[in-house]
Amino acid sequence: MSKNVCVIGGGPSGLVAARELRKEGHNVVVFEQNHDVGGQWLYDPIVENEEPLGRDNFVKVHSSIYESLRLASPREILGFTDFPFGMKKGRDMRRFPGHKELLLYLQDFCECFGLREMIRFNTRVENVEMLDFPILGKDLRWVVKTTEKKARDKVVEEVYDAVVVATGHYSKPRLPKIKGMDAWRRKQIHSHIYRVPEPFRNEVVLVVGNSLSGQDISMELVGVAKEIHLSAKSLDISEGLVKLIGFPFFECQAKWISQLLSGKKTLPSWDEMMQSIEKFYHSTDVAGIPKHNTHDLANFEYCDKYADYIGFPHLEEWRKELCLSAIRNSDVNLETYRDSYEDEEMLQVARKSPHFTQFETEAFAP
């Protein structure tokens, strides 16, 4: 059963969703507010017009990528199952490459599967709502309102059978509540608009937050700032690193969504889903996990459980081990783990796996 489907966002999850939906026979349109694919990985150096703490209702800059950012996980574990994130001559061939290399990978993925023809660039989705109130036994339809960058005052309305939201959750800054923060008049910025260290030369800087960006930015500022102080609730960054195994999970989600819409798969009953939600929230309450982390789901166990719903292969053991190896290495030396590692044996297992041997001549060009 073919559906007319709208995908919002041309980043990793949006691209693989578009591919899987089309593969399943659906008619697909992707709306991307920027001029190219990539989502967060489409680096934007121009942040001068952004509110420093990102408190505006709509941020002008989508990407939170800073100029020096390198991947926190090795490239071998990040690729989609049928499109390895290999090395190419003339490009960044490091195992933990810079952000531009991942953007190029996504552009390669887009070209390889002919996805660009489905994408409307420079088009922002302004509103999504039900066409009519739901009627028992009748499928929902959705009205999607969009504007083009060159004509923001012209709103286009289109109706779709389904909408896949693939906008990510890293573009809208989340701020801590700190007493006196609003009254303090010296420089405050959110890491969302941090790009280069030079503006902080010879200044005393407090970095609030000890996740991946907080660690990276602190180390980079050491070379220019007068003093650096890092404020953190926890010294554990492992949780943040585990999340970065997302591409196979995005692919698994995309396959399930595509098959649900075509009728090959069905959702559990309403009662089963409500019971599952209650059980999930009870488990997070017991574990002390805050509500704003509800969607931090892409751990190994959840990925494998999700895969079982559609008969998708579990994450390979080498993929899990290389991820954990990077975490252990970063715990030992956060400054050098991207360039100094001791997982060569498992790396060889990975390179001999079907994931890479399907493209043996290309995946690791000398």
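Every chain is numbered independently, its residues counted from 1 as its sequence is written. Local features in this predicted model are restricted to residues whose pLDDT is 70 or higher, and side-chain atom pairs enter the listing and the counts only when it is 80 or higher, whereas totals over whole chains, interfaces and linings include all residues. Remark: hydrogens and water are excluded; side-chain values derive from all non-hydrogen atoms of the structure.

A.B. asks: Please clarify how the nonpolar core should be interpreted in this entry.
C.D. replies: Here the nonpolar core consists of buried residues drawn from Ala, Val, Leu, Ile, Met, Phe, Trp, Tyr and Cys, with membership extended through side-chain atoms lying within 4.5 Å. Exposed residues in this analysis have more than 50% of their type's maximum accessible area, buried residues have under 20%, and partly exposed residues fall in between, with area computed by a 1.4 Å probe over protein chains only. Judged by nonpolar contacts, the single largest core of 59 residues is most densely connected at Leu15, Phe80, Tyr105 and Leu221. When residues of this core are assigned to their parent elements, the largest contribution, six residues, is made by helix α5 (residues 246–262). Any two residues whose heavy atoms approach within 4.5 Å are treated as being in contact. Among residues more than four places away in sequence, those in contact with Phe80 are Pro12, Val16, Tyr105, Leu106, Phe109, Phe247, Glu251 and His355. Formed by six residues, the second largest nonpolar core is a distinct cluster that contains Cys6, Ile8, Val144 and Tyr160. A run of DSSP states H or I qualifies as a helix once it reaches four residues; a run of E qualifies as a strand once it reaches two. Both are numbered from the N-terminal end.

A.B. asks: I tried to follow the sheet that holds strand β7 (residues 162–165) on my own but got confused; where do I start?
C.D. replies: The strands that make up a sheet are held in pairs by hydrogen bonds between backbone atoms, and each pair lies either parallel or antiparallel. What makes two strands pair is DSSP finding at least two bridges between them. Strand order across the open sheet formed by four strands is β3-β2-β1-β7, with parallel pairing between neighbours. Edge positions in the sheet fall to β3 (119–120) and β7, since each of these pairs with one other strand and no more. Of the pairings in the sheet, the one linking strand β2 (residues 27–31) to β3 comprises two bridges and is parallel in character. The residue bridging Val30 from the neighbouring strand is Ile119, located in β3.

A.B. asks: Even after reading the chapter, I still don't get the packing of aromatic side chains, so can you show me in this structure?
C.D. replies: Centre distance and the angle of the planes are the two values used to describe a pair of aromatic rings. Any two of the Phe, Tyr and Trp rings considered here, Trp counted by its six-membered ring, make a pair once their centres fall within 6.5 Å; the pair's planes then place it as stacked at under 30 degrees, edge-to-face at over 60, or tilted in between. Inspection of the entire model under this criterion finds 23 aromatic pairs. Each ring, one from Phe83 and one from Phe113, has its centre 5.9 Å from the other, and the planes form 65°; the classification is edge-to-face. Taken as a pair, Phe83 in the loop between β2 and α2 (99–112) and Phe113 in the loop between α2 and β3 lie far apart in primary sequence, 30 residues in all. Within the aromatic cluster, the residues linked to one another by ring pairs are Phe80, Phe83, Phe85, Tyr105, Phe109, Phe113, Phe247 and Phe250. Look at NZ for Lys and CZ for Arg. If either is within 6 Å of the ring centre and within 35 degrees of the ring normal, a charge sits over the ring. If you follow Arg19 out to its NZ or CZ, it ends over the ring of Phe113, 4.5 Å from the centre. Of note, Arg95 hangs over the ring of Tyr341, and the distance from its end group to the ring centre comes to 4.5 Å.

A.B. asks: Before we go on, may I ask you to explain the pattern of salt bridges in this structure?
C.D. replies: When the charged atoms of two side chains lie near each other, side chains of opposite charge can form a pair. Each reported salt bridge corresponds to a side-chain nitrogen of Lys or Arg within 4 Å of a carboxyl oxygen of Asp or Glu. Per the stated rule, a full pass over the model turns up 31 salt bridges. With a shortest N-O distance of 2.9 Å, Glu20 and Arg19 are connected by a salt bridge. Of the two residues examined, Glu20 and Arg19, each falls in the buried class. Across the pair Arg75 and Glu101 runs a salt bridge whose closest N-O atoms are separated by 3.1 Å.

A.B. asks: Just checking my understanding: could you explain a nonpolar patch on the surface for this structure?
C.D. replies: Judged by side-chain polarity, Trp270, Met274, Ile277, Phe280 and Tyr281 come together as a nonpolar surface patch covering roughly 470 Å² of accessible area. Among the secondary structure elements, Phe280 is positioned in helix α6 (residues 270–287). According to the relative accessible area criterion, Phe280 is partly exposed, its value standing at 31%. For patches, a residue must show more than 30% relative accessible area and have no salt bridge; joins then use 9 Å for like charges and 5 Å for nonpolar side chains, namely Val, Leu, Ile, Met, Phe, Trp and Tyr. Here, Shrake-Rupley sampling with a 1.4 Å probe gives the accessible areas, and only protein chains in the shown set may cover a residue.

A.B. asks: Looking at this structure, how should I read α5?
C.D. replies: Helical periodicity: at 3.6 residues per turn, an α-helix aligns residues three or four positions apart in one direction. Working rule for helices: expected span equals 1.5 Å times residues minus one. Under the 1.5 Å per step criterion, the end-to-end length of α5 is 24 Å for 17 residues, consistent within 8% with the ideal 24 Å. Burial of α5 is extensive: 13 of the 17 residues sit out of reach of the surface. Remark: Gly263 follows α5 within two positions and exhibits a positive phi of approximately 90°.

A.B. asks: Looking at this structure, how should I read the packing of helix α8 (residues 317–332) against helix α9 (residues 344–351)?
C.D. replies: When two helices pack together, their arrangement is given by the angle between their axes and by how far apart the axes lie. Note on geometry: axes are C-alpha line fits, over the in-contact stretch for helices, and angles between N-to-C directions span 0 to 180 degrees. Put simply, α8 and α9 touch, their axes get as near as 9 Å, and they point 145° apart. For the pair α8 and α9, the sense of crossing is left-handed. Seen from α8, the contacting residues are Trp318, Glu321 and Leu322; seen from α9, they are Met346, Leu347, Val349 and Ala350. Side-chain classes are defined by residue name, with Ala, Val, Leu, Ile, Met, Phe, Trp, Tyr, Cys and Pro counting as nonpolar, Asp, Glu, Lys and Arg as charged, and the others, Gly among them, as polar. Grouping the constituent residues of the contact of α8 with α9 by class yields six nonpolar, no polar and one charged. Note on convention: near helix rotated counterclockwise from far helix by under a right angle means a left-handed crossing. Clockwise means right-handed.

A.B. asks: Explain the sheet that holds strand β6 (residues 151–160) here, please?
C.D. replies: Strand order in the open sheet made by the three strands is β4-β5-β6, with antiparallel pairing throughout. Lying at the two open borders of the sheet, with one neighbouring strand each, are β4 (123–130) and β6. The sheet shows a mean angle of 20° between the axes of neighbouring strands, direction not considered. Inspection of the sheet shows strand β5 (residues 142–148) paired to β6 by six bridges, in the antiparallel sense.

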